[in-house]
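For reference, the chains in residue letters:
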Amino acid sequence: MIIVLRQGTVQKEIDQLCNVITSMSSVTINPVIGTDLTILGLIGDTSRIDPTQIESFHCVERIMHVAEPYKKANRSFHPDDTVVDVGNAKVGGKKLTMIAGPCSVESEEQICAIAESVRISGASILRGGAFKPRTSPYAFQGLKYEGLELLKEARAKTGLPIVSEIMSPFDIDRFLSDVDCIQVGARNMQNFDLLRQLGKVDKPILLKRGLSATIEEWLMSAEYIMAGGNEKVILCERGIRTFETYTRNTLDISAVPVIKRLSHLPILVDPSHGTGKRWMVSPLAKAAVAAGADGVMIEVHNDPQRALCDGQQSITPDTFDGVMKEIRLIAQAVGREV
Ligand code: PEP
Ligand code: MN
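In this text the structure is predicted, and so the values were computed from the model without any measurement.

**Student:** How would you explain the coordination of the manganese ion (ligand 2) if you had to name every residue and give the values?
**Tutor:** Within the protein, Cys103 (SG), His273 (NE2), Glu299 (OE) and Asp310 (OD) serve as the donor atoms for the manganese ion (ligand 2), at 2.0 to 2.4 Å. We note that the donor set of the manganese ion (ligand 2) lies within a single chain, spaced as C-x169-H-x25-E-x10-D. Of the two residues, Cys103 sits in the loop between strand E7 (97-101) and helix H3 (108-121) while Asp310 sits in the loop between strand E14 (295-299) and helix H11 (317-333), which places them 207 residues apart along the sequence.

**Student:** I'd love a proper account of the packing of aromatic side chains, names of residues and values included.
**Tutor:** One pass over the structure, following the stated rule, counts 3 aromatic pairs. For the ring pair Phe131 and Tyr145, a centre distance of 5.2 Å and an interplane angle of 75 degrees mean the geometry is edge-to-face. One end of the pair, Phe131, is in the loop between strand E8 (125-127) and helix H4 (145-158); the other, Tyr145, is in helix H4, with 14 residues separating them in the sequence. The exposure class assigned to Tyr145 is partly exposed, which follows from its relative accessible area of 36%. With 5.8 Å between their ring centres and 45 degrees between their planes, Phe131 and Phe175 make a pair best called tilted. You can see Phe131 sitting in the loop between E8 and H4 and its partner Phe175 sitting in helix H5 (residues 172-178), a full 44 residues away along the chain. Taken individually, Phe131 and Phe175 each receive the classification buried, so the pair is uniform in this respect.

**Student:** Explain the side chain of Ser104 to me, using residue names and the numbers behind them.
**Tutor:** Its place among the elements puts Ser104 in the loop between E7 and H3. Residue classification places Ser104 among the buried residues on the basis of a relative accessible area of 1%. In contact with Ser104, other than residues within four places in its own chain, are Gln110, Gly129, Lys132, Phe140 and Cys309.

**Student:** So, the sheet that holds strand E1 (residues 2-5): which residues are in play, and what are the values?
**Tutor:** The antiparallel open sheet is built from 4 strands, whose spatial order is E2-E3-E1-E4. Bordering the open sheet on either side are strand E2 (28-33) and strand E4 (60-64), each of which pairs with just one other strand. Sheet twist, expressed as the average angle between the axes of neighbouring strands with direction ignored, equals 20 degrees. Of the strand pairs in this sheet, E1 and E4 are connected by 4 bridges, and their pairing is antiparallel.

**Student:** Could you give an account of the nonpolar core, with specific residues and numbers?
**Tutor:** Within the largest apolar cluster, 67 residues are counted, with the highest numbers of intra-cluster contacts made by Leu207, Leu235, Ile298 and Phe320. Per-element tally for this core: the top contributor is helix H7 (residues 215-227), with 6 residues. Contact partners of Leu207, with chain neighbours within four places excluded, come to Val184, Met189, Leu195, Trp218, Ser221, Ala222, Ile225, Val233, Ile234, Leu235 and Cys236. Val20, Ile49, Cys59 and Ile63 belong to the second largest nonpolar core, which has 18 residues in total.

**Student:** Requested: an account of the packing of helix H10 (residues 281-290) against H11, with residues and values cited.
**Tutor:** Relative orientation of the contacting elements H10 and H11 amounts to 25 degrees, with a least axis distance of 9 Å. As summarised for this structure, H10 and H11 are arranged roughly parallel, according to the angle between their axes. The element H10 and its partner H11 pack so that their crossing is right-handed. When H10 is examined against H11, the residues Ser282, Ala285, Lys286, Val289 and Ala290 are found in contact with a partner set consisting of Val323, Glu326, Ile327, Ile330 and Ala331. Each residue belonging to the contact of H10 with H11 can be placed in one class, and the counts come to 7 nonpolar, 1 polar and 2 charged.

**Student:** Describe the site of ligand 1, and please don't skip the residues or the numbers.
**Tutor:** Around ligand 1, the neighbouring residues are Arg127, Lys132, Glu165, Gln183, Gly185, Ala186, Arg187, Lys208, Arg238, His273, Met297 and Glu299. In the environment of ligand 1, an oxygen atom lies 2.7 Å from a nitrogen or oxygen atom belonging to the backbone of Ala186. Contacts to ligand 1 include Arg187, whose side-chain N or O atom sits 2.8 Å from an oxygen atom. Protein chains shield 97% of the accessible area of ligand 1, which is 290 Å² for the free molecule. A per-class count over the shell around ligand 1 returns 2 nonpolar, 3 polar and 7 charged.

**Student:** Can you tell me about the pairing of strand E9 (residues 162-166), naming the residues and giving the values?
**Tutor:** Burial of E9 is extensive: 5 of the 5 residues sit out of reach of the surface. Where E8 meets E9, 2 bridges bridge the pair, whose relative direction is parallel. Paired with Leu126 across the strands is Ile162, a residue of E9. Viewed along the sheet, the connection from E8 through H4 into E9 turns out right-handed. Relative to strand E10 (residues 181-184), E9 runs parallel, the two sharing 4 bridges. Among the inter-strand pairings, Val163 is bridged to a residue of E10, identified as Cys181. Running through H5, the crossover from E9 to the neighbouring parallel element E10 is right-handed.

Cut-offs applied
Chains are numbered independently. Their residues run from 1 in the order of the written sequence. To label them, take the chains in the order written and letter them from A, then take the ligands in the order written and number them from 1. Side-chain atom pairs in this predicted model are given and counted only at pLDDT of 80 or more, local residue features only at pLDDT of at least 70, and totals for whole chains, interfaces and linings cover all residues. Working from all heavy atoms in the structure, the side-chain values ignore hydrogens and water. Because water is not among the atoms used, a metal site may look incomplete, as its donors are only the N, O and S atoms within 2.8 Å, or 3.2 Å for Na, K and Ca. By definition, any uninterrupted DSSP run of H or I lasting at least four residues is a helix, any uninterrupted run of E lasting at least two residues is a strand, and each is numbered from the N terminus. Paired rings are identified among Phe, Tyr and Trp, the last through its six-membered ring, by centres lying within 6.5 Å, and are further divided according to the angle between planes into stacked (under 30 degrees), edge-to-face (over 60) and tilted (the rest). In this scheme, a residue with accessible area under 20% of its type's maximum is buried, one over 50% is exposed, and one in between is partly exposed, where area comes from a 1.4 Å probe on protein chains only. Residue contacts are counted whenever heavy atoms from the two residues lie within 4.5 Å of one another. DSSP bridges decide pairing: two strands pair if at least two such bridges lie between them. Note on geometry: axes are lines fitted to C-alpha atoms, helical ones only across the stretch in contact, with angles between N-to-C directions running from 0 to 180 degrees. The set of buried Ala, Val, Leu, Ile, Met, Phe, Trp, Tyr and Cys residues whose side-chain atoms join them within 4.5 Å is what this entry labels a nonpolar core. Under this scheme an angle from 65 to 115 degrees is roughly perpendicular, one under 35 degrees roughly parallel, and one over 145 degrees roughly antiparallel; angles in between are oblique. When the near helix sits turned anticlockwise from the far one by under a right angle, the crossing is termed left-handed; a clockwise turn instead gives a right-handed crossing. Three classes are used, and their members are as follows: Ala, Val, Leu, Ile, Met, Phe, Trp, Tyr, Cys and Pro are nonpolar, Asp, Glu, Lys and Arg are charged, and the others, Gly among them, are polar. Being near a molecule or strand, for a residue, comes down to having at least one heavy atom within 4 Å of it. Polar contact criterion, stated in full: a pair of N or O atoms within 3.5 Å, where within protein one must be able to donate a hydrogen and the other to accept it, and residues adjacent in sequence count only if both atoms are side-chain atoms. Here the accessible surface of atoms and residues is derived via Shrake-Rupley with a 1.4 Å probe, and residues count as covered only by protein chains that are part of the display. Here is how to tell: hold the view so the strands point away, follow the path from the first strand over the helix to the second, and if it runs clockwise the crossover is right-handed.

In structure tokens, the structure reads:
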């Protein structure tokens, strides 16, 4: 339930209203002061709340019922776009966020060289997998903690904030001290224990869409994190399973306007995993920005042929530089900045 308050409502009136609500029910009340509206978002069992009694308060403009199961992630709970700070970068808002880096961290030279080139091209966050969720147990699994150390070196050299994927709730403390943003990969989007633990921390979470997740399931996963108190959630569309086999996944560009309508959370697009083909990265990165995404996440490797993971979808730093130039043009056309 959402209670929209009249403009000019003072804190004393809000306190009185909240006291009446809590005397009727054990809901939690989330006040949101937006640019145009001040609202109280009620989460929990609202069946005992008498709307006529609430409406009798002078400060109440109207009551709305939220049909969707996600509340904190719901645009109606938070009409303004959320902007999430990731180190010195911002995700959401007018400026696009360009995340670039290798699928996995392989060596100090590799990650530092890629970080420096993508920084010069205009990337604002460095990505790099240290723990890799591979389909085969015999495939390269990542450098693990050493990979996190190398990412920190690359951050120290370039100033770029870092994002890396977590696989186990046991590593949360380590990720909290090492990275600027914790990535939850597609395969863990419904690892509810992990999501619940990440809801208790003060760190941005980049939540990728599950391999076969509906948009509502994805938003419910965001809700798991937000319900615990961590509202710094960034969504990332990375393609879904369909009957099509030509591409690794089917990149659902339509998810961008849908998320913008349903939620206030920022949304990025990953055209690398979304297509699995390096020559498709540029057109779909541009499509994502044109559709209103808040940025893109792109796999960049200095030597894609020899990459230990996802070389076929990785572009070189030079190609990334060209993609950035093209994205700048699209950004300008849709009123965004890079
Ligand atoms: C990744 O970004 O490295 C990754 C494994 O992506 P996804 O979880 O989307 O497959
Ligand atoms: Mn990858």
